[in-house]
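Below, each chain spelled out in residue letters.
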Amino acid sequence: MRTSPRSGQETTEAPLRTPAKPAVGLPRGALGSGGRRALRVAVTGGACSGKSTVLGHFRELGVPCFSADAVARDLTTGGSPLAHKVAKLVGPIAVTEEGDLNREAVARSIFSDPKLRRAVEQVLHAPIMRALEKAARAVPAPIQCFEIPLLVEAGRQNEFDRVVLCVCGKREQARRLLERWKGDTEIVRRILSSQLKDSERRPYADFVVRTNRPLDSVKRRVETILAYLRKSLHVEN
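Quick caveat, the model's predicted, so the values are computed rather than measured.

Engineer: Account for the nonpolar core, with residues named and values stated.
Structural biologist: One finds Val86, Ala94, Leu132 and Ile148 to be the most contacted residues of the largest nonpolar core, which totals 40 residues. Contributing elements (two or more residues each) for this core: helix 2 (68-75), helix 3 (81-90), helix 4 (103-110), helix 5 (114-137), strand 4 (162-167) and helix 7 (185-194). Discounting residues that sit within four places of it in the chain, leucine 132 has contacts with Phe66, Ser67, Ala68, Val71, Phe146 and Ile148. Counting 21 residues, the second-largest nonpolar core is a separate cluster that includes Leu55, Val63, Cys145 and Val164.

Engineer: Tell me what's going on with helix 4, and back it up with residues and numbers.
Structural biologist: Those residues of helix 4 lying buried are Ala105, Val106, Ala107, Ser109 and Ile110. Its buried side turned inward, helix 4 meets helix 3, helix 5 and helix 7.

Engineer: Could you give an account of helix 9 (residues 215-232), naming the residues involved and the relevant values?
Structural biologist: Between the first and last C-alpha of helix 9 there are 26 Å, a value that for 18 residues agrees with the 26 Å anticipated at 1.5 Å per step. Of all the positions in helix 9, only Val218, Arg221, Val222, Ile225, Leu226, Tyr228, Leu229 and Arg230 are classed as buried. At its buried positions, helix 9 is contacted by strand 1 (39-45), helix 1 (51-60), strand 3 (143-147), strand 4 and strand 5 (207-210). Just downstream of helix 9, histidine 234 is the residue with a positive phi angle, here 60°.

Engineer: Please provide a residue-by-residue account of the pairing of strand 3, values included.
Structural biologist: Counted residue by residue, strand 3 has five buried out of five residues, so it is predominantly covered. Both faces of strand 3 are covered, namely the face carrying Ile143, Cys145 and Glu147 and the face carrying Gln144 and Phe146. Of the pairings in the sheet, the one linking strand 1 to strand 3 comprises five bridges and is parallel in character. In the strand pairing of strand 3, alanine 42 is matched with phenylalanine 146.

Engineer: Describe the confidence of the model for the protein chain, naming the residues involved and giving the relevant values.
Structural biologist: For the protein chain, the mean per-residue pLDDT works out to 87, and 84% of the residues sit at or above 70. With pLDDT under 50 throughout, residues 7-34 is counted as low confidence; its partners more than four residues away or in other chains account for 76 contacts.

Engineer: Pulling in residues and values, what's your account of the packing of helix 3 against helix 5?
Structural biologist: Angle between the axes and distance between the axes: these two values describe a pair of packed helices. One way to put it is that helix 3 packs onto helix 5 with a least axis distance of 10 Å and a crossing angle of 170°. Between helix 3 and helix 5, the interaxial angle falls into the category roughly antiparallel. Packed against helix 3, whose contacting residues are Leu82, Lys85, Val86, Leu89 and Val90, the element helix 5 presents Leu116, Ala119, Val120, Val123, Leu124 and Pro127 at the interface. Looking at side-chain class alone, the contact of helix 3 with helix 5 contains ten nonpolar, no polar and one charged residues.

Rules used throughout
- Residues numbered from 1 in each chain as written.
- Predicted model: local features only at pLDDT ≥ 70, side-chain atom pairs only at ≥ 80, totals over all residues.
- Heavy atoms only, no water.
- Core = buried A, V, L, I, M, F, W, Y, C linked by side-chain atoms within 4.5 Å.
- Buried < 20%, exposed > 50% of the residue type's maximum accessible area, 1.4 Å probe, protein only.
- Helix = DSSP H or I, 4+ residues; strand = E, 2+ residues; numbered from the N terminus.
- Contact = heavy atoms within 4.5 Å.
- Expected span 1.5 Å × (residues − 1).
- Pairing = 2+ DSSP bridges.
- pLDDT = per-residue confidence, 0-100.
- Axes fitted to C-alpha atoms, helices over the stretch in contact; angles between N-to-C directions.
- Parallel < 35°, antiparallel > 145°, perpendicular 65-115°, else oblique.
- Nonpolar A, V, L, I, M, F, W, Y, C, P; charged D, E, K, R; others polar.

Shown next as structure tokens:
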């Protein structure tokens with residue numbers, strides 16, 4: 001279920017909307033300076049939209065960052081129970097001989113079967129979110145960033161104070177996906193058809209970062225967003 005879309009259009013200056021009280025139902029999470037709860041920022045977007053690049057810029061600027069994809073890898077290696085739960089749904093091809101989750105095989109399976117994809121996401125999502133919460137509590141800071149690919153699809157946008165949407169345009173996204181999947185047009189088509197369009201995510205975003213622009217431009221946009229976030233918290237740079 002998707003609720004409480006955020007209003008406004010992107011401007012050259014952050015933000016898209018004025019600061020509001022913390023989102024309803026937001027977990028307490030880590031504490032920032034003075035014992036105040038950290039401002040939690042979700043970085044989201046479609047496949048190959050540049051989320052990791054944007055998260056990396058936030059990290060370079062001193063913001064503690066946490067990635068759902070990185071956590072998922074950690075939780076599904078070395079014969080982990082979670083990897084075997086996925087294998088029960090997908091089949092033996094889901095796990096390598098070393099006991100790690102075979103991410104490529106799982107992706108090919110779930111993007112061919114929407115019902116299976118939802119079942120796998122249901123198995124993975126809660127443990128990943130719990131691990132992210134645990135990691136965040138260990139790093140107190142005024143602002144924390146979380147890379148959450150399926151934020152809006154999972155209806156979790158209201159668990160974060162601000163949402164940064166990464167976009168790169170349809171052609172560039174397709175090009176990046178084709179490069180990642182070594183020219184496999186069918187899997188790229190399935191991935192794209194399974195995800196929300198940027199226009200469907202945009203109402204839930206406070207900020208938009210266009211990652212098909214030069215890297216310096218992307219970094220400046222992140223700096224502008226962070227400056228606004230810090231100002232909104234009265235945190236000095």
